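So the chains spell out like this:
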Amino acid sequence: MTLVGEGRQPQHGGTETVKDPLVELYDEAAAELEKEQSSLIITDESQDKIPEAPTSQLEKGPAKGFACLAPPQEESTQNPNQYIIDKLKELRSIYESKQGDTDTFKVFNLNKVIGDLSRVKHKITTRAQALKLQGSGAKTADKIMEIIATGELQRIQAEDTEEYRVCKLFAGIYDVGAKRAHQWYGMGLRTLEDVEKHKEEIRLTRNQSIGLKYYNDLQERIPRAEASAIFDKIRETAMTLDGNATVYIMGSYRRGEQTCGDIDLLLTRDPTDGITHAGMLHKLLDRLHEQGILTDDLVIPPDNRALEQKYMGVGRLPPDGKMRRIDILAIPYDQKGAALIYFTGDDLFNRSIRLLARKKGYSLNQRGLYGGVGRDTKGKKLSEGTIIASKTEKEIFDVLGVPWREPHERRRK
DNA sequence: TGGCAATACTG
DNA sequence: CAGTAT
DNA sequence: GCCA
């Protein structure tokens, strides 16, 4: 066991050559890591040999567009394009609240642009520069130029309607998305009080009621120190159940962010003594309820003996902390690496690295990296394939030729 | 012009 | 299956 | 919305 010392490592593994002109940046980033977060996350990254890559579709590494291959973002320095980023985020928020299929991908695309924009260190002033950003085409470049020229974006003002605002309010309720939000708007609802008042007619689900009940608390970010305190309590409780339990805190906390959207925990246990964590999650949940840490369950794992389970719920720092979203993922010990990647995110990084895996003939999910995956002509998965790597993050990164990225380097901002 | 990550739960 | 969530 |  080493403390977060997954270690930095060569630029690429496997057979691919990912050219990376900014190697120095990695070293700088590495030098400035080793922060408080380290002490809490214990990752056992044993150095297993890396299996050979399957016959790859790609001769040379993908040239661009993979956030997981891009150099880490600079810390602290105020971004010179912040005002552009802010406007694009507003636009993204509008697309998010729409229902159409294409809107989803506009969001997807804007995420790329915003990601690249927050990574770029020079101020964008020309259309040519705007066009160079990843995910930025003619339309986006025009928008960026408009923001530069006027400080505004007409598109935003046009779409900033009552319906948009109300739907955004509704979609803040857990288990309410764009569809239901617009549906309720169409029924004439305008406020959270309206929703409460008409809960029978609109057949508010159990989870939506919970989401509504704690609306304000759940909208708030969680201070890092509080997340840490909740994590400590839960870990202690787990340790009383089984001294060999392993509990990690993941998500935005592991990425080193100062506030977290929710608390993501990972639960597992080294089975070398013949004992697994089977059944442990349910016991843990019971204790956490007794302790007043957990107050409401959103999704309880159906099979309490399974090694892989996902719990979603609401809880707080007792006795009277604000209500927080808490997820606990139990996973088989040997899938720790893949689970760490999945649960650490961020989502853009995950999508990027999964896309890269697929392009190289693998498939990556929360359980591991698979080779020999059968896919139809459209890329739809037909067969599972065989597991290639899953124990450590590094092992998976190596096979994919992804330069090592510390958790705090996996965020787009 | 089709694809854009991959998977699980609820009603 | 549609919708939501991670 | 962008890109292969």
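Residues numbered from 1 in each chain as written. Chains lettered and ligands numbered in written order. Predicted model: local features only at pLDDT ≥ 70, side-chain atom pairs only at ≥ 80, totals over all residues. Heavy atoms only, no water.

The criterion, for reference: UniProt positions are given in the numbering used here, feature names are shortened, and annotations may be inferred rather than shown by experiment.
As annotated in an unreviewed UniProt entry, chain A carries the name DNA polymerase and is attributed to Calocera viscosa. On record in UniProt, under Subcellular location (unreviewed entry), the comment for chain A is "Nucleus". Regarding chain A, the UniProt comment filed under Sequence similarities (unreviewed entry) reads as follows: "Belongs to the DNA polymerase type-X family."

**Here we look at the sheet that holds strand S4 (residues 245-249)**
In plain terms, the rule: Two strands pair under a simple rule: DSSP has to find at least two bridges between them. Put simply, DSSP marks the helices as runs of H or I at least four residues long and the strands as runs of E at least two long, and each gets a number from the N terminus on. Angular values range over 0 to 180 degrees, each being the angle between N-to-C directions of two axes fitted as lines to C-alpha atoms, with helices fitted over their stretch in contact. Contacts are assigned to residue pairs with any non-hydrogen atoms lying within 4.5 Å of each other.
With mixed pairing, five strands are arranged side by side in an open sheet as S4-S6-S9-S8-S7. Edge positions in the sheet fall to S4 and strand S7 (294-299), since each has one partner strand and no second. On average, each strand axis in the sheet is inclined to that of its neighbour by 25°, with strand direction left out of account. Of the pairings in the sheet, the one linking strand S8 (residues 309-315) to strand S9 (residues 324-330) comprises seven bridges and is antiparallel in character. Within S9, the position partnered with Met-312 by the bridge is Asp-327. Lying over the sheet, helix H11 (residues 206-213) contacts S7 and S8, oriented at roughly 140° with respect to S7. Across the sheet, helix H13 (residues 224-241) is in contact with S4, strand S6 (263-269) and S9; its angle to S4 comes to roughly 170°.

**Topic: unusual backbone geometry**
Note the cis peptide between Pro-318 and Pro-319, where omega equals 5°. Structurally, Pro-319 can be placed in the loop between S8 and S9. Cis geometry marks the peptide bond from Gly-345 to Asp-346, where omega comes out at 0°. Considering the arrangement of structural elements, one finds Asp-346 in the loop between helix H16 (336-344) and helix H17 (347-359). One non-glycine residue, Asp-175, lies in the positive phi region at around 75°. Within the secondary structure, Asp-175 is located in the loop between helix H8 (162-171) and helix H9 (178-186). Even without being glycine, Arg-203 reaches a positive phi, approximately 50°. With respect to the helices and strands, Arg-203 occurs in the loop between helix H10 (192-197) and H11.

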